[in-house]
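Here is how the chains run, residue by residue.
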Amino acid sequence: MKPFTYERAGSPAEAAAAAARRPEAKFIAGGTNLLDLMKLQIETPAHLIDVNGLKLDTIEPTQEGGLRIGALVRNTDLAADERVRRDYGVLSRALLAGASGQLRNRATTAGNLLQRTRCPYFYDTNMACNKRRPGSGCSAIGGINRQHAVVGASEACIATHPSDMAVAMRVLDASIETVKPQGATRTISIAELHRLPGDTPNVETVLEAGELITAVTLPRPVGGSQQYRKVRDRASYAFALVSVAAIVQPDGSGRVALGGVAHKPWRLDAADAEMPRGAKAVAGKLFADAKPTEHNAFKLPLAERALASVLADARG
Amino acid sequence: MSRYEINGHLFAAEPKPGQCLRTFLRDLEVFGVKKGCDAGDCGACTVWIDGKPFHSCLVPAFRAEGRKVTTIEGLASSGEMHPVQKAFHDAQAFQCGYCAAGMVMTVASMGANQKADLPHALKGNLCRCTGYRSITDALNGKCNIESDVAGKACGASLPNPFTDDILTGKARYTMDVAMPGMLHLKVLRSPHAHARIVGIDRTAALAVPGVVAVYTWEDVPRRLYSTALHEDHLVDPDDTYMLDNVARFAGQRVAAVVAESEGAAEAGCRAIHVEYEVLPAVFDPVEAMEPGAPLLHDKDVLTKEGNVYCDLKGEIGNIARGFEEAHAIHELTYSTSRVQHVHLETHGSIAWRGEDNRWHVRTSSQGPFAAQKKLCYLMGLKARDLHVFTERVGGGFGGKQEMISEDLVLFAAMKLGRPVKWEWTREDEFLGGTTRHQMTTHVKLGARKDGTLTAMDVRVVSNTGAYGNHGSETLAAAMGSPIAAYRCDNKRGAGYAVYTNMVPGGGFRGYGASQTTFAIECAIDELARLLAIDPMEMRRRNVVRPGDNIESIWQEPSDASFGSYGILECLEIVERELAKGNGVAKPGGDHWAEGTGVALAMLECGPPTEHRSGAEMRLLADGTYHLAVGSSEMGNGITTAHKQMAAAVLGVRATDIAIINADTDRTPYDTGTFASTGTVVAGKAVHIAAEAMRDDILAFASRHTGMDPVQCRLENDAVVCGDKRIPLDALHAAGAKTDHHFAVSRKAYLSPRTIAFNVQGVRLAVHRVTGEIRILHSVHAADIGRPINPMQCRGQLDGAVAMGYGWALTENMVHEAGHMVNPQLRNYRIPAYADTPHTDIFFADTVDSIGPLGAKSQGECGINPVAPAVANALADATGIRFAHLPFTPDRIFAELAEKP
């Protein structure tokens, strides 16, 4: 690990301002992903700003009838929250499908959204990776890319976003509250938060330098049958080959987001509109522009079949 | 100074910049906190912060400032074990014990909800030894241990003698020691699969603060050797240098950096500039056999031909005639994947010069004596000047039948005169450790209408990787017992161990036989299907019987013979249990298909090559005994078994026998604990040493009392001569006066070898949409003779079967052009709790006439029938033969998707 300096921030605005002063700084919350990457020298921040003391760890109702989840609410606490389990079942299920208890005890809501890809080439510092070293190339294209993106990828990067929680947040239309270094706040929809890789896969979100997530807000509950189905290589603990987050209303309408297929949770309005017509129609829209590789082409039919199975379960 | 509260004690200490809590705690000599991955996957480092469990490897140390940190050492209060420690004690919920500290900390933090949902709650803790069954037992409050009664030790489920130390964090594993002046070694590994090193510039590395030395191929003795540990070093090719100027696989050591801290050593490695001339590489063994393929080894290393390191061919009967006589023929190519042992304790060694002016190496090894021999050869030392030993070893499974960490630390310690330690990372294991040999097996079997086998033709191509360690021996095993398990007049085999630019293969539980067993057991099922014969009946009809020649493809007589015979009983047990069922139905919905499969495996107990062990026993002044055995204990339970065997002969409790093991200074020679020899060779030495001890005591007692020897007998802690009862301590005192020391030693060799069997039955459901496989019923029957410790034997089988499921379903080292792309435990997936089905384990009722006290080998072979039983169940469920491991969802799904 490279040496770094460290400070504890007293308030969100102070944290953002501190980050603006030190361009090589990183925020550290749970650290479950960051510390691992620092040990491997994939992340080498010169300065760490510890945001754990910012009191952003409560879940409160909003005036609109939704929930405001502090950025530092631990994944364990979020999954266990009674309101989340009752009104946002897809979120609770997605969290439990994710990491181990010891990790969920540390990992935070904002940190989960911002975790880095688990693309093996991103982790292997001997290999080219545009995300780790811009301009070096992408080893996954033409490499072992069974786990990689089938849609929304670019010539520069075919990594996937690893989060289960973010897929649920996407289907729930969550929004992200932030504070910028100058103290201004803004709200970003989850649809906008993550970027597609394009030519700059190293830039993963629309957050500006020093901008800090303070909360994630869920709109008022939409009811329906809420499902999260994760297909993976083993039962206990693995990143998704594909995952399906779906909310299905009694009339057959609904929405669906996929994990494990793109650089961000994958959801399209045109696909949601096809929900009453079933899995094949929905998948057709979701994957209209899909460009799978030889190794991961199986994800297309697998996602469609998983969706079909989810819809069947939702109908009871 | 910052203040830390650890287990109720306040420490004033400052973590190093960037230090995680795990290493910080270990720097404070809180050694109960273990490392299996250092990346938040395995849970061995789990500690509590303010009562909540965390992976301490992912917690920055400064986070714990002002909080209450609790480790395994702090869980017991006022000398009383925590109820979870007590439960783990009673259930013996560990084998090597390395995962136990973290496992206990996680379980002890669980509420009722979590205990009700263990598949989720135990996601963050891996165990490689137990298959999680004994851990479940602990959670259910089950007691698996029996009491230790004098004279009844053999056959009793006695606890591991080191239980309390393991469960309270006091047990010391290889790396759990602090030494003044310790230096740390790290290696730079080759990024290229095949490259010549043109130049190495170490200037920048030497300039890194804390770096003491950098060693390259120019510094180390230029002596060829093999890393494999065997009695006879000639069975492996001398094709390896400590450090070489040619890298033959991505991950090979290129340079070693020694520094004042691990961090400095790692920084030093990164600062070395190496100029490589990249050479053409070959990864596929079939391509490597072609003329014109890049050659791995040149003039210094003898190979059969090109990259073929060795071949084994043979034929009995007439194979062509055999196929002419067949009414049905099955022919298919099967292949197995490259997998690794994943002993939770990684490799590691510490070397230093002692006050006695000799060199000492503390290491995590299955063969300290064989390692000593190799180290002496490499470093030009005399055996008397080198002491090699183990402390607790955290798992082996064959991975530590290899000398791959001892050489560099000894070399550096001898150069620098200071203690040098090298602790491998998990990535070091995956890139630079050994693996199960990837094998491709072409099988052609023929049988008559009634199912009688008429011809078996097997061709094996084994990818031995860049070096030939274990290459020929595993190939011999691949061409041996899986073929010999069936009686058939016409057999032919051809096997090739081929060098490629892949990470080297090595010894791994099952040892070559696993791969051929997979192929042949699948093929037997296919042949049965062609003939419409029940697969179980097909096996019964063809399996070898007492009186048969135990022959594979060679005419020469084998030294294997039946000391007992339990295969038919094993088949019957599995058939009965599968028929009876366990009440677990397949999940609801139309998408699940269900199927049943079985497979058998045969094991010749011990290697065909030389293997020897010694045991020394002494009667101590207090009337108890001391036993010294060279054999390694790495979680296989062999020290418990050896104590029980000796106790049984001497009529005492197992606790009356103190034991030391695996130490070149303090125990007699032992070839190594591998090839399932702990019971049948080392155990035999213990058995005859204990008998000699008994005879020595009785002879002295007879002289001492003047009674006829036939009137003298041992009775627990005394010798009874006629009507006189002399306590053993008094007898010892009498002996001391006449210079009689009550010390004996005996040696054991291995021949003939007896034969053990294992049968696995599986009923599973497979989801046609997602390819997900769920094991519904898992049954295992083992013919292992008389179990010395039934609980431990069952535990060994639980672990072996779980490892078999890992091989079949989830584990796979994925390589692209020689580079491993998943060298982390989150991407290389050993079974976690939720992935491991419960297996019902049964023993055939056999008592062996060759093995000591009626026992046979039991740790090795349990893994072998698991993958083919899964494959056979899959074929039964889907009608599709999956011939390539592993059966991951996308492969299953892809095949199923093509079928309507």
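Nothing here was measured: the structure is a model prediction, and the numbers come from that model.

Caption draft 1: Here's a closer look at the overall build of chain B. From N to C terminus, chain B includes 25 helices and 33 strands. Relative to the 2.2 N^0.38 estimate, which gives 29 Å for 900 residues, the radius of gyration of chain B is 27 Å and therefore close to what a compact globule would have. Over its C-alpha atoms, taken along the principal directions, chain B stretches across nearly 80 × 75 × 60 Å. Here the contacts in chain B between residues at least 6 apart in sequence split such that 79% fall between residues at least 24 apart. With an accessible surface of roughly 29,500 Å², chain B has 50% of that area assigned to carbon and sulfur atoms. A distance of 2 Å separates the average location of the 89 positive side-chain charges in chain B from that of its 106 negative side-chain charges.

Caption draft 2: A look at the packing of helix 12 (residues 368-379) of chain B against helix 13 (residues 406-416) of chain B. Residue and element names in this part refer to chain B. Running from N to C, helix 12 and helix 13 point in directions that differ by 45°, and their axes come no closer than 10 Å. Judged on the interaxial angle alone, helix 13 and helix 12 are oblique. Seen from above, helix 12 lies across helix 13 with right-handed handedness. Within the contact between the two elements, helix 12 uses Leu 375, Leu 378 and Met 379 and helix 13 uses Glu 406, Asp 407, Leu 410, Phe 411 and Met 414. Taken together, the residues that form the contact of helix 12 with helix 13 break down as six nonpolar, no polar and two charged.

Caption draft 3: Region of interest: the pairing of strand 24 (residues 657-661) of chain B. In terms of residue burial, strand 24 of chain B counts as a mostly covered element, since four of its five residues are buried. Read from strand 23 (residues 625-629) of chain B through helix 20 (residues 638-650) of chain B to strand 24 of chain B, the crossover connection turns out right-handed.

Caption draft 4: Summary view of the sheet that holds strand 8 (residues 211-215) of chain B. Residues and elements named next belong to chain B. Taken in spatial order, the seven strands make up an open sheet running 8-10-6-17-14-15-16, and their pairing is mixed. Here the strands that pair on one side only, and so sit at the sheet edges, are strand 8 and strand 16 (386-389). Averaged over neighbouring strand pairs, the angle between their axes works out to 20° when direction is ignored. Where strand 14 (residues 348-353) and strand 17 (residues 420-423) come together, four bridges link them in antiparallel fashion.

Caption draft 5: A look at unusual backbone geometry. All names here are of chain B. Here the residue pair Ser 751 and Pro 752 is connected by a cis peptide bond, since its omega of 0° sits within 30 degrees of zero. Considering the arrangement of structural elements, one finds Pro 752 in the loop between strand 28 (743-749) and strand 29 (755-767). In this structure, the amide linkage connecting Leu 885 to the following residue, Pro 886, adopts the cis form with an omega of -5°. Summarising the element assignment, Pro 886 is placed in the loop between helix 24 (866-878) and helix 25 (889-898).

Caption draft 6: Looking closely at the UniProt feature "domain: Aldehyde oxidase/xanthine dehydrogenase a/b hammerhead" (unreviewed entry) in chain B. Within the UniProt annotation, "domain: Aldehyde oxidase/xanthine dehydrogenase a/b hammerhead" (unreviewed entry) is assigned to residues 168-280 of chain B. Taken end to end, residues 168-280 of chain B comprises 14% helix and 30% strand; its first and last C-alpha atoms sit 53 Å apart.

Caption draft 7: The arrangement of the pattern of salt bridges in detail. Residues and elements named next belong to chain B. Using the criterion set out here, one finds 74 salt bridges over all chains in the structure. Between Glu 526 and Arg 529 there is a salt bridge, and its shortest N-O distance comes to 3.8 Å. Here Glu 526 and its partner Arg 529 are both found in helix 17 (residues 513-530), three residues apart, which amounts to about one turn of the helix. The residue Arg 541 makes a salt bridge to Glu 537 at a minimum N-O spacing of 3.3 Å. Remark: Glu 537 and Arg 541 occur in helix 18 (residues 535-542); sequence separation between them is four residues, near one turn of the helix. With a relative accessible area of 27%, Glu 537 lands in the partly exposed category. Counted as one network, the salt bridges with shared partners bring together Glu 521, Asp 525, Glu 526, Arg 529, Arg 539 and Arg 881.

Caption draft 8: The interface of chain A and chain B, seen in detail. With 54 residues of chain A in contact, the opposing surface of chain B contributes 54 residues. Taken together, the two surfaces of chain A and chain B that pack against each other cover about 4,500 Å², and 54% of this comes from carbon and sulfur. Of all residues in chain A, the largest losses of buried area upon contact with chain B belong to Gln 102, Arg 234 and Arg 305 of chain A, amounting jointly to 17% of the total for that side. Connecting chain A to chain B are four salt bridges. For Lys 39 of chain A, the salt bridge is made with Asp 38 of chain B, and the minimal N-O distance between the two is 3.0 Å. The tally of links from chain A across to chain B stands at 17 residue pairs in polar contact (both at pLDDT 80 or more). Where the side of chain A that touches chain B is concerned, the elements lending two or more residues are strand 1 (5-8), helix 2 (34-39), helix 5 (89-97), helix 6 (101-106), helix 8 (120-123) and helix 13 (299-315) of chain A.

Caption draft 9: Geometry of the sheet that holds strand 5 (residues 68-70) of chain B. Residues and elements named next belong to chain B. Spatial strand order, 2-1-5-3-4: five strands in an open sheet with mixed pairing. Unpaired on one side and paired on the other, strand 2 (9-13) and strand 4 (52-55) mark the two borders of the sheet. When strand polarity is set aside, the average angle formed by the axes of neighbouring strands in this sheet is 35°. Here two bridges tie strand 3 (residues 46-49) to strand 5, and the two strands are oriented antiparallel to one another. Each residue of the ladder has a partner; that of Ile 49, found in strand 5, is Val 69. Against the sheet, helix 3 (residues 100-108) touches strand 3 and strand 5, its axis set at about 40° to strand 3.

Caption draft 10: Summary view of the nonpolar core. Judged by nonpolar contacts, the single largest core of 149 residues is most densely connected at Phe 88 and Phe 887 of chain B. Each residue touching Phe 88 of chain B, except ones within four places of it in the same chain, is listed here: Ala 93, Phe 94, Met 103, Val 104, Val 107, Ile 135, Ala 138 and Leu 167 of chain B. Core analysis: the next-biggest nonpolar cluster, separate from the first, contains 50 residues, Val 51, Val 167, Met 169 and Val 171 of chain A among them.

Caption draft 11: Up close: the packing of aromatic side chains. All names here are of chain B. The tally for this structure, following the rule as stated, stands at 19 aromatic pairs over all chains. With 6.3 Å between their ring centres and 65° between their planes, Phe 882 and Phe 887 make a pair best called edge-to-face. Like Phe 882, the residue Phe 887 is buried in the burial classification. Counting every residue linked through ring pairs, the aromatic cluster contains Tyr 334, Phe 518, Phe 882 and Phe 887. Taking NZ or CZ as reference, Arg 576 lies 5.8 Å from the ring centre of Phe 842, over its face.

Criteria and cut-off values
- Residues numbered from 1 in each chain as written.
- Chains lettered and ligands numbered in written order.
- Predicted model: local features only at pLDDT ≥ 70, side-chain atom pairs only at ≥ 80, totals over all residues.
- Heavy atoms only, no water.
- Helix = DSSP H or I, 4+ residues; strand = E, 2+ residues; numbered from the N terminus.
- Rg over C-alpha atoms; globule rule 2.2 N^0.38 Å.
- Contact = heavy atoms within 4.5 Å.
- Areas by Shrake-Rupley, 256 points an atom, 1.4 Å probe, with all protein chains shown as cover.
- Lys, Arg positive; Asp, Glu negative; His and termini not counted.
- Charge placed at Lys NZ, Arg CZ, Asp CG, Glu CD.
- Axes fitted to C-alpha atoms, helices over the stretch in contact; angles between N-to-C directions.
- Parallel < 35°, antiparallel > 145°, perpendicular 65-115°, else oblique.
- Left-handed = near helix turned anticlockwise from the far one by under 90°.
- Nonpolar A, V, L, I, M, F, W, Y, C, P; charged D, E, K, R; others polar.
- Buried < 20%, exposed > 50% of the residue type's maximum accessible area, 1.4 Å probe, protein only.
- Right-handed = clockwise from strand over helix to strand, strands pointing away.
- Pairing = 2+ DSSP bridges.
- UniProt positions renumbered as here; feature names shortened; annotations may be inferred.
- Salt bridge = Lys/Arg side-chain N within 4 Å of Asp/Glu carboxyl O.
- Buried area = accessible area lost by both parts, 1.4 Å probe.
- Polar contact = N/O pair within 3.5 Å; in protein donor to acceptor, adjacent residues only side chain to side chain.
- Core = buried A, V, L, I, M, F, W, Y, C linked by side-chain atoms within 4.5 Å.
- Phe/Tyr/Trp six-rings, centres within 6.5 Å; stacked < 30°, edge-to-face > 60°.
- Lys NZ or Arg CZ within 6 Å of the ring centre and 35° of its normal.

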